Amino acid sequence: MAYSSLYFGIFFLVLFHSCYAQIGMVTNPSDHQQPQHRLSRQSQCQLHNLNALQPKHRFRSEAGETEFWDQNEQQFQCAGVAFLRHKIQRRGLLLPSFTNAPTLMYIVQGEGIQGAVFPGCAETFQSPSQQSQHRSDHRQHESFPDQHQKIRKFKEGDVIALPAGVSHWIYNNGQSQLVLVALVDVGSNDNQLDENFRKFFLAGNPQEGLVRGGQRQDQSQRQSRSYRGRHQEEEESQHQESDGNNLLSGFDENLLAEVFNIDTRLARKLQNERDNRGAIVRMEHEIQSPEEAEEEQREQGSQEEEEEEDERSEEERRRERRRSRGERGSRNGLEETFCTMRLKHRTDSSFADIFNPRGGRITTVNGFNLPILNALQLSAERGVLYNNAIYAPHWNINAHSIVYITRGNGRIQIVSENGEAIFDERVQEGQVITVPQNHAVLKKAGRQGFEWIAFKTNANAKITQLAGRVSVLRGLPVDVLANSFGISQEEATKLKQNRQEVSVFSPRRGSQE
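The rules behind each value
Residues numbered from 1 in each chain as written. Predicted model: local features only at pLDDT ≥ 70, side-chain atom pairs only at ≥ 80, totals over all residues. Heavy atoms only, no water. Salt bridge = Lys/Arg side-chain N within 4 Å of Asp/Glu carboxyl O. Buried < 20%, exposed > 50% of the residue type's maximum accessible area, 1.4 Å probe, protein only. Helix = DSSP H or I, 4+ residues; strand = E, 2+ residues; numbered from the N terminus. Disulfide = S-S within 2.5 Å.

Some remarks on the pattern of salt bridges
Inspection of every chain in the model, using the stated rule, returns 19 salt bridges. We note a salt bridge from R58 to E67, for which the minimum N-O separation is 3.4 Å. The class for R58 is buried, based on a relative accessible area of 13%. The exposure class of E67 is buried, given its relative accessible area of 1%. A salt bridge links E65 to K87, with the nearest nitrogen and oxygen atoms 3.9 Å apart. Of this pair, E65 sits in strand β2 (residues 64-68) while K87 is found in strand β3 (residues 82-88), placing the two residues 22 residues apart along the sequence. We classify E65 as buried; its relative accessible area is 10%. K87 sits in the partly exposed class, given a relative accessible area of 21%.

Rendered as structure tokens:
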């Protein structure tokens, strides 16, 4: 009896420690998920010259187009990322799909709705079925509301996060073209295939090059294409092979019919072998408007976009109360459940972290205000500079920064460890440039202003400034500065004190770009 009690006690102790460790991994992923995977590509970060890049591959669809930047570019290889842009026409649907790595998207233009399907979560939202909305008056029959997972509304300036392997779709229900850019972190630990972008479609027959980000192309096709300029994108053929390119296409039609309990005729339709519409298709009927969906969800007691902002504010208040009590900032796992986690954060002026009325603003989206990013190990920074304003020179302490120019133009300088300017050019809307970790970068707006979105390869990316009120030089003693630069103490004092602004600097009088 004593032995059995002893065995039971040991078993209970081992079980307790095992469960506690797993709970810690889930509730505090940022403490365990370190970006060690990026160390494997150190040899690919010997960057001596950078270029502002334009998209290289373009794939046209029925209701839009998808563009990819060349993933083989050394700066993308260094950061371990892929970059793409979707342009979706009104009533265009980006087919349900998922990627092999975490994705962070930014809405450049337009508005729409988006759905993400998390495995194991219930279909707790309802929409009227299209059948009931469009049935004939002579054929009345009973219809049931369509049950599904949450539909989220988004608009220009929103950042949307998606974990690897989570199926999602996007629909443009606005009055203009929807444009979004996305960074895919193919270097993440969540991607255990290889360092190439892959997109898995649940339906449709997208071009073969699209599902691989333009990486896999027939050699004869490449040789037959004429040279059309260094920065001009190449337009991919829309010709489709007889076999479909979605996940269901490779299965035997008889097995599909058995799995879904349907006939083989419908099973063949699921494989979309003769479908030439591409990855973005035009909807025959409008999806229920977000306003109607939100109203129904409120009646069901569900959380809406406005309530999400209230949750965010409440979360910040709880964090402030913990800080005031001197408690640690770790989450207990109950603040945000897997099935109801927020995927979206706004970056408009009301959410700015730094604001200068004469210079512009900076808005940061990270693991603190969008907790799902702690699992994805990604973050974002939106910058808006007014006429001739400057974003203080700084370096990223713990992340690479992939910068996409959303509006206007400006000058960017990037300096490496040996004091060499590896990039010093004017950039404009639609270009992408990578700022490697620890490399100093300075941005100055042109006369029309300068706006960008920067995706960073750490959930809580940090920067150190070289100038301004919170700069590294302000933290050094005057004597250290004077002797380091070989200047007088008076000059060292001016160096420390002359710029009182924080991060966004207003232009000096007479300054032009």
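That was the structure; now back to the text.
Observations concerning the environment of N189
Looking at the secondary structure, you find N189 in the loop between β12 (178-184) and β13 (199-201). Of the residues examined, N189 reaches a relative accessible area of 45% and is grouped as partly exposed. Along the backbone, N189 and A101 are 88 residues apart, and their C-alpha atoms lie at a distance of 8.4 Å.

Structural notes on the state of the cysteines
Counted by the stated rule, this structure contains 2 disulfides. Disulfide pairing is shown between C45 and C78; the S-S distance is 2.0 Å. Disulfide C45 to C78: torsion about the S-S bond roughly 100 degrees, handedness right-handed. In this pair, C45 sits in the loop between α2 (29-32) and β1 (57-61) while C78 sits in helix α3 (residues 74-79), placing the two residues 33 residues apart along the sequence. When its relative accessible area of 1% is taken as the criterion, C78 is described as buried.

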